[in-house]
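# Inside the fold
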Amino acid sequence: MPAPTDVLTKLTRDYAATTPQRLKVIDTYMVFCVAVGLIQFVYCVLVGTFPYNAFLAGFGSAVACFVFAANLRIKTNPSNSRQFEASPESAFAEFVLCHIVLHFVITNFLG
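Computed from a predicted structure; not experimentally measured.

Counting secondary structure elements, the protein contains four helices and zero strands. Helices and strands in the protein line up, N terminus first, as α-α-α-α. Its C-alpha atoms give the protein a radius of gyration of 18 Å, clearly above 13 Å, the size a compact globule of 111 residues would have. The principal-axis extents of the C-alpha atoms in the protein amount to approximately 45 × 40 × 20 Å.

Here you go:
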């Protein structure tokens, strides 16, 4: 069985060599969304849930942004081009439109 450090080294080397730059940017955004959600959750645990609707709005927004980014990554991945007939530009337009609607809903939820 290979050592965990060897596996991690090979994984990062292969990721850097084979992943297109566009997907790396989307992956960075997804990591940011996870970090924001974790920070909000830890803050809620440590400080409290007042106001609870603000926590739900922020955490839900982080989760939804991650899901939208995952959808964008799937649709713009060149290896998935046979499964999705839409262009990367239309996938990005879909991503932006979903974000606009999401943030209107979140702003409305905050009151």
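Enumeration over the complete set of coordinates arrives at three salt bridges. For lysine 10, the salt bridge identified is with aspartate 14, shortest N-O distance 2.8 Å. Residue lysine 10 and its partner aspartate 14 are located together in helix H1 (residues 4–18), separated by four residues, close to a single helical turn. Relative accessible area serves as the criterion here: at 33%, aspartate 14 is assigned to the partly exposed category. A salt bridge links arginine 73 to aspartate 27, with the nearest nitrogen and oxygen atoms 2.5 Å apart. Remark: aspartate 27 occurs in helix H2 (residues 21–47) and arginine 73 occurs in helix H3 (residues 52–76); sequence separation between them is 46 residues.

The UniProt entry lists residues 29–48 and 54–72 under the feature "transmembrane region" (unreviewed entry), expressed in the numbering used here. Annotated as residues 29–48, this span is 95% helix and 0% strand, and its ends, taken at the C-alpha atoms, are 27 Å apart. Here residues 54–72 is 100% helix and 0% strand, with 27 Å between the C-alpha atoms at its ends.

Another aspect to go through is the packing of H3 against helix H4 (residues 88–110). Interaxial distance between H3 and H4 falls to 10 Å at its minimum, and their mutual angle equals 175 degrees. By the criterion of interaxial angle, the relationship of H3 to H4 is roughly antiparallel. Grouping the constituent residues of the contact of H3 with H4 by class yields 17 nonpolar, six polar and two charged.

Right, let's talk about the packing of aromatic side chains for a bit. With the rule as written, the count across this model stands at five aromatic pairs. Judged by centre distance (6.1 Å) and plane angle (40 degrees), the ring pair of tyrosine 52 and phenylalanine 55 falls under tilted. In this pair, tyrosine 52 and phenylalanine 55 are both assigned in helix H3, three residues apart and thus about one turn of the helix distant. Using a relative accessible area of 16% as the deciding quantity, one classes phenylalanine 55 as buried. With a centroid separation of 5.7 Å and 25 degrees between ring planes, the pair formed by phenylalanine 55 and phenylalanine 59 is classed as stacked. A residue pair is termed a helical-turn pair when its members lie 3 or 4 positions apart in one helix, as phenylalanine 55 and phenylalanine 59 do in helix H3 at four residues. Look at phenylalanine 59 and you get partly exposed, because its relative accessible area is 30%.

Criteria and cut-off values
- Residues numbered from 1 in each chain as written.
- Predicted model: local features only at pLDDT ≥ 70, side-chain atom pairs only at ≥ 80, totals over all residues.
- Heavy atoms only, no water.
- Helix = DSSP H or I, 4+ residues; strand = E, 2+ residues; numbered from the N terminus.
- Rg over C-alpha atoms; globule rule 2.2 N^0.38 Å.
- Salt bridge = Lys/Arg side-chain N within 4 Å of Asp/Glu carboxyl O.
- Buried < 20%, exposed > 50% of the residue type's maximum accessible area, 1.4 Å probe, protein only.
- UniProt positions renumbered as here; feature names shortened; annotations may be inferred.
- Axes fitted to C-alpha atoms, helices over the stretch in contact; angles between N-to-C directions.
- Parallel < 35°, antiparallel > 145°, perpendicular 65-115°, else oblique.
- Nonpolar A, V, L, I, M, F, W, Y, C, P; charged D, E, K, R; others polar.
- Phe/Tyr/Trp six-rings, centres within 6.5 Å; stacked < 30°, edge-to-face > 60°.

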